[in-house]
Structures are given as C-alpha cells and as structure tokens.
Amino acid sequence: MQTVQRFGKNELGKDYVVGDIHGCFTKLEMELYVLGFDENVDRLFCVGDLCDRGPESHLFMEWLDKPWFHSVKGNHEELLEGTLRRDAGYYQCHMGNGGTWVLDFLDTDWECEAAIYLMDLPYIIEVETGNGLVGIIHADTGLCYDWEKFKRGVEVDKPMYRDNCTWGRDHIKYKRTNIVEGITTIYAGHTPVDS
C-alpha cells in the first residue's frame, strides 16, 4: 500500500476535486458532463467515501480503474474493509451507516477484488499545481499544523494521525482556523457543511 500518492502538475488539462461520492456515480457523471470534463486531459481527485448510502456503491472499483480518477481512503472505505475482514465492530458500524448494500456481494469473487482495491487506496494525495502543492485527505489533520509532520505520522501508521485523516472533525467541530504549514491548500470531505 502506498500511503501517500503524488501527482505532477497537469500541463494539458484541468484538475478537479470532488467531495464524498457515497455511491452516486451517475450524478457525478452528469456533473462532469456539465463541467465539460475531458477524460483525455483532465483529472478528477476524490476525498474518499466512494461507497455507502447511495445506490451505486458497488461501482467504486470501476471508477478506480479509470486512468483519470484518483481517490484517498475515507472512513467508509475503512468500514468496508472491516466488514470484508469480518470484524464485528466495523461490521456493526458499517451496517448502521449505509453499508447494507455489501451483503449482496459477500462470499463472491467481488469481495476478494474489492479488498485488493481498498488496500491500494492512499490516505493522502499530493498534487503539484501552478499555485503550489495541494493536499487531499478525507477528514482532518487534527492538532497537527505541519504538513510534513502530518504526512510522516500517517506514513508510519501513528494511530492519532491516521484516525484524524479518515475520521477527524476538529477543524469543523471547534471552528479552528489554524494554518497548516508546508501546503498551499488541503481538500477534505467527511463532514457536511452548509457552505
């Protein structure tokens, strides 16, 4: 598993970032069409939570196969991984948070393939842009305000860092406005907001 995935500057097209998809890939396709997304030169980055709650959760692997689509691991991917490992705690949480769709796929070839795709998802994506380095995570950096330190913590699997990366809500919950040094912009999802 590559914990941090890096991308160079897109010299030919545009880069887009999308929030939690939650199994609504047809809606995403319609929005990309409206934007004039060009699969030949544009790239789409996702903050994770590809599955659960929406009707097309099972399609997440098809999207990850698209050469222009890239995603980090969200907490719903972690829940799905736990369900596939038959971890009772993850399973219970997953079923209560939109994961019942997976019951149709357990004990099939799909299950093994899905586990491989999930294992390969990075926790962090970095993208070079004309305005500097952009970071993409699912949730939050927690109390870490240094991008390199945060990245190292996630890479060496320090639980506090990985948990914040996929489950954290500190910035939103406590209205923190601290600047994270060493990165131009961070895109995250996880917590619904009004604006």
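Refer to the structure printed above.
Small disclaimer: the values here were computed from a predicted structure and weren't measured.

## Describing the layout of surface pockets
Turning to step 1, where the next piece is worked out: Each pocket or cavity is described by its volume, and for the largest pocket that value is around 720 Å³.
Turning to step 2, where the next piece is worked out: Lining the largest pocket are 33 residues, with Ala139, Asp140, Ile172, Ala188 and Gly189 sitting closest to its centre.
Turning to step 3, where the next piece is worked out: Those elements that provide at least two residues to the lining of the largest pocket are α3 (75–84), α8 (170–173) and β7 (185–187).
Turning to step 4, where the next piece is worked out: Counting residues per element, the lining of the largest pocket draws most heavily on α3, which supplies three residues.

## Side note on the pairing of strand β3 (residues 43–46)
Turning to step 1, where the next piece is worked out: Residues Arg43 and Phe45 point to one face of β3 and Leu44 and Cys46 to the other, with burial holding for every one of them.
Turning to step 2, where the next piece is worked out: Two elements, strand β2 (residues 15–18) and β3, share four bridges in a ladder whose sense is parallel. Each bridged residue has a counterpart across the sheet, and for tyrosine 16 the counterpart in β3 is leucine 44.
Turning to step 3, where the next piece is worked out: In this region the chain leaves β2, passes through helix α1 (residues 25–35) and returns to the parallel neighbour β3; the handedness of that crossover is right-handed.

## Remarks on the packing of α3 against helix α5 (residues 109–120)
Turning to step 1, where the next piece is worked out: Direction vectors running N to C along α3 and α5 enclose 140°, while the axes themselves pass 10 Å from each other. Between α3 and α5, the interaxial angle falls into the category oblique. Classified by chirality, the crossing of α5 by α3 is left-handed. Facing α3, whose interface residues are Glu77, Leu80, Glu81 and Leu84, α5 presents Glu111, Ala114, Ala115, Leu118 and Met119.
Turning to step 2, where the next piece is worked out: Split into classes, the residues belonging to the contact of α3 with α5 amount to six nonpolar, no polar and three charged.

## Details of the sheet that holds strand β6 (residues 132–136)
Turning to step 1, where the next piece is worked out: Read across the sheet, four strands follow the order β1-β5-β6-β7 without closing on themselves; strand pairing throughout is mixed. Among the strands making up the open sheet, the edge pair consists of β1 (4–7) and β7. Strand-to-strand, the axes of this sheet are offset by a mean angle of 20°, without reference to chain direction.
Turning to step 2, where the next piece is worked out: The sheet contact formed by β6 and β7 spans three bridges and is parallel.

## Some points on a nonpolar patch on the surface
Turning to step 1, where the next piece is worked out: On the surface, Met1, Ile116 and Met119 cluster together into a nonpolar patch covering about 310 Å² of accessible area.
Turning to step 2, where the next piece is worked out: You can see isoleucine 116 is positioned in helix α5.

Basis of the calculations
Residues numbered from 1 in each chain as written. Predicted model: local features only at pLDDT ≥ 70, side-chain atom pairs only at ≥ 80, totals over all residues. Heavy atoms only, no water. 1 Å grid on protein atoms, 1.4 Å probe; cavity = no way out; pocket = protein on both sides within 12 Å on 5 of 7 lines; lining within 4 Å. Points joined across faces, edges and corners; volume = space filled by probe spheres on them. Helix = DSSP H or I, 4+ residues; strand = E, 2+ residues; numbered from the N terminus. Buried < 20%, exposed > 50% of the residue type's maximum accessible area, 1.4 Å probe, protein only. Pairing = 2+ DSSP bridges. Right-handed = clockwise from strand over helix to strand, strands pointing away. Axes fitted to C-alpha atoms, helices over the stretch in contact; angles between N-to-C directions. Parallel < 35°, antiparallel > 145°, perpendicular 65-115°, else oblique. Left-handed = near helix turned anticlockwise from the far one by under 90°. Contact = heavy atoms within 4.5 Å. Nonpolar A, V, L, I, M, F, W, Y, C, P; charged D, E, K, R; others polar. Patch = residues over 30% accessible without salt bridge, like charges linked within 9 Å, V, L, I, M, F, W, Y side chains within 5 Å. Areas by Shrake-Rupley, 256 points an atom, 1.4 Å probe, with all protein chains shown as cover. Salt bridge = Lys/Arg side-chain N within 4 Å of Asp/Glu carboxyl O.

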